[in-house]
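# Examination of the molecular architecture
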Amino acid sequence: MEHRIPPDEPGILTDYERTYREFNWTSAAEEFDWSRGGPYNVAAEAIDRHAVGWRRNKIALFSVKASGDVSKYTFGEMADLTARFASGLEKLGAVKGDRIFVFLDRTSELYVAIVGITKMGGIAGPLFSALGPEAFKDRALDCGARFVVTSPYLYKRLEPVLDDLVDVDKFIIVGDGSDLGERTVNFGEVLASGDPGYQATNMAPTDPYIIHYTSGSTGKPKGILLGHRAMVQQLMACRYVVDLREDDTYWCTADPGWVTGTSVGIFGPWYLGTTLVSYEGRFNAHTWYSIMEQFKVTVWFTAPTALRMLMKAGDGAIAEHDLSSLRHICSAGEPLNPEVVRWGLKSLGRRIHDNWWQTETGAPCISNFKCMDIRPGSMGKPIPGVVASIVDENGEEVPPGTYGFLALRPGWPSMMINIWRNTPKFKEYFDIPGWYISGDQAYKDEDGYFWFLGRADDVIKTSGERLGPFEVESALIEHPAVAEAGVIGKPDELRGEIVKAFIILRPGFTPSEKLMDDITQFVKTRLAYYAYPREIEFVDSLPKTRSGKIMRRVLKARELGQPLGDVTMMDD
Ligand code: ATP
Ligand code: MG
């Protein structure tokens, strides 16, 4: 079963072990302008320092509308727009530390708004545009958002809750519709009122620049605050994990409503002066491949759920496009099934580099690097500067091969600063002295590769063994009939829990007893004797968060007829 995929071409990081040994964050920080007396601010480093240098006329952003129309912005133009927006916000009365939501589809204004807010010292709160009014309200009330940048149709969606949004001074409306209500003002007017010469506010390293609400896979989303100091790790991760270089055209498909969409989707690549591609529309295999072809995308960052959808769409779609520019692929957010890694190699001709992190970690912490063998199913090794381990409930490190809590040594630069109005929750992550406890379970092999087991709550205890749902799901999707699978532990008197699988079939397959037996047999030959699903249910869809993660707690609650808990983050 152990299968290794050797490096295909050299990466920026050439000797992982050596770099890991010699790395220190202090010298990594020397790349930033603030180390030479510039303002300490993520916006200054992402945009302004390029705008005064030779990158002034380099394209910072290709923004593709759902209609296919493309607009482009240079670093010089972005510097001007974000300065105007920052200054316009101040004229509206915004001050340092204000929470300012950005509730927009993925258009260029979203980028201008997020960076502009951070430039004036505000805390940007990007929210995925698929959120409903109640989910929006929960977040706005939680952190007392003072301004909301949105569009006419999204503003209308908020109508049922507008009266409850008592902290909001102004809705800044992108496009036509400044007369929507008394609290609205037009985005264009805010820009026009702003000063293009506005200088980024000097911040402290631990001043937050962004509040990201977590995906809500395990419960109520938490408002995670990341500090300006996160820039150091975001830059290094974009270099070592994403392998970004000067001449790259980079597409990160994660929405900026999630940490991936900003840390390695906006700020990290822009610290490096990379050209971004952004697409407003929804997922469609053909459109996605066309975008890669049209812009000659060289580096692509995406998520397992998207990759599984592309697999399901079939390789015919790939054959119709020229993807020869693509040289590096990354995936994060959920475990990456070995089958998907093998598909990438076969069908895209590229390795897919899985990396592990959380909203709370602010940037990638464990990764498969371009210079090392990939062991399909493994998350890889800690990034230089991050110390990761597997510990027991006393904080003792456990030997290789033993399951335990995936833990980090606190103090990496992009570590969350706090959780909004929930310091007790923040402190829980540090309950075991000397460690940050991630809430995930994993093990490390003899060579230092980390293997994900599951979220602590999802781990299945069956016949006295501990089993991760991911392992079973990965075996299931290797079966030719299975497109996606979600696996839970179902209470059982005899075995503690039994494995139950919910399966979406690929096009062309229909549910039957025979197919069920066939799938069961298939898994039995691949996994430990206790790990095959004793129950299988064929379903048309799986409950997922809006960021595309399987919500196993919802599968379980449904199965047991229990309350579903917080489902504001469930995709519909
Ligand atoms: P919530 O914290 O609200 O329950 P969430 O944990 O899904 O939601 P995120 O911060 O978006 O919110 O996701 C982080 C989690 O995603 C990790 O703790 C881990 O469980 C999972 N994850 C992320 N990347 C990987 C990966 N490469 N392999 C396995 N799991 C991953
Ligand atoms: Mg989490």
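### A look at the sheet that holds strand β24 (residues 482-492)
- Spatial strand order, β24-β25-β26: three strands in an open sheet with mixed pairing. A strand with exactly one partner marks an edge of an open sheet, and here the two such strands are β24 and β26 (535-538). For this sheet, the mean angle separating the axes of adjacent strands, direction not counted, is 25 degrees.
- The sheet contact formed by β24 and strand β25 (residues 496-505) spans 10 bridges and is antiparallel. Bridging across to β25, Val487 finds its partner in Ala501.
- Contacts from helix α16 (residues 469-476) reach β24 and β25, with the element oriented near 140 degrees to β24.

### Describing the site of ligand 1
- Around ligand 1 sit 21 residues in total, of which Thr214, Ser217, Thr218, Thr359 and Lys549 are the nearest.
- In the environment of ligand 1, a nitrogen atom lies 3.1 Å from a nitrogen or oxygen atom belonging to the backbone of Gly333.
- At 2.8 Å, a backbone N or O of Asn355 approaches a nitrogen atom of ligand 1.
- Relative to its unbound accessible surface of 630 Å², ligand 1 loses 95% to contact with the protein.
- Sort the elements by how many residues they give to the shell around ligand 1 and strand β14 (residues 352-356) lands first, with three residues.

### Examining the pattern of salt bridges
- Summed over all chains, the structure comprises 41 salt bridges.
- Ionic pairing is found between Glu334 and Arg308, a salt bridge with its closest N-O pair at 3.1 Å. On the criterion of sequence distance, the pair formed by Glu334 in the loop between β13 (328-332) and α14 (338-348) and Arg308 in helix α12 (residues 304-313) is long-range, its members being 26 residues apart. In terms of burial, Glu334 and Arg308 fall into one category: buried.

### Re the packing of aromatic side chains
- On inspection of all chains with the given rule, the structure shows 28 aromatic pairs.
- A centroid spacing of 6.3 Å and a plane angle of 70 degrees characterise the contact between Phe75 and Trp270, whose relative ring orientation is edge-to-face. Taken together, the residues Phe75 in helix α4 (residues 75-91) and Trp270 in helix α10 (residues 259-271) connect sequence positions 195 residues apart.
- Look at Trp270 and you get buried, because its relative accessible area is 0%.
- Here the aromatic rings of Trp288 and Trp300 are separated by 6.4 Å at their centres, their planes lie at 85 degrees, and the arrangement is edge-to-face. Here the residue Trp288 occupies a position in helix α11 (residues 285-295), and Trp300 occupies one in strand β12 (residues 299-302), the gap between them amounting to 12 residues.
- A relative accessible area of 8% places Trp288 in the buried class.
- With a relative accessible area of 0%, Trp300 lands in the buried category.
- Ring pairs connect the aromatic residues Phe32, Trp34, Tyr40, Tyr209, Phe267 and Tyr271, which therefore count as one cluster.
- Over the ring of Trp435 we find Arg409; its NZ or CZ atom is 3.7 Å from the centre of that ring.
- If you follow Arg526 out to its NZ or CZ, it ends over the ring of Phe522, 3.6 Å from the centre.

Definitions and limits used
- Residues numbered from 1 in each chain as written.
- Chains lettered and ligands numbered in written order.
- Predicted model: local features only at pLDDT ≥ 70, side-chain atom pairs only at ≥ 80, totals over all residues.
- Heavy atoms only, no water.
- Pairing = 2+ DSSP bridges.
- Helix = DSSP H or I, 4+ residues; strand = E, 2+ residues; numbered from the N terminus.
- Axes fitted to C-alpha atoms, helices over the stretch in contact; angles between N-to-C directions.
- Contact = heavy atoms within 4.5 Å.
- Near = heavy atom within 4 Å.
- Polar contact = N/O pair within 3.5 Å; in protein donor to acceptor, adjacent residues only side chain to side chain.
- Areas by Shrake-Rupley, 256 points an atom, 1.4 Å probe, with all protein chains shown as cover.
- Salt bridge = Lys/Arg side-chain N within 4 Å of Asp/Glu carboxyl O.
- Buried < 20%, exposed > 50% of the residue type's maximum accessible area, 1.4 Å probe, protein only.
- Phe/Tyr/Trp six-rings, centres within 6.5 Å; stacked < 30°, edge-to-face > 60°.
- Lys NZ or Arg CZ within 6 Å of the ring centre and 35° of its normal.

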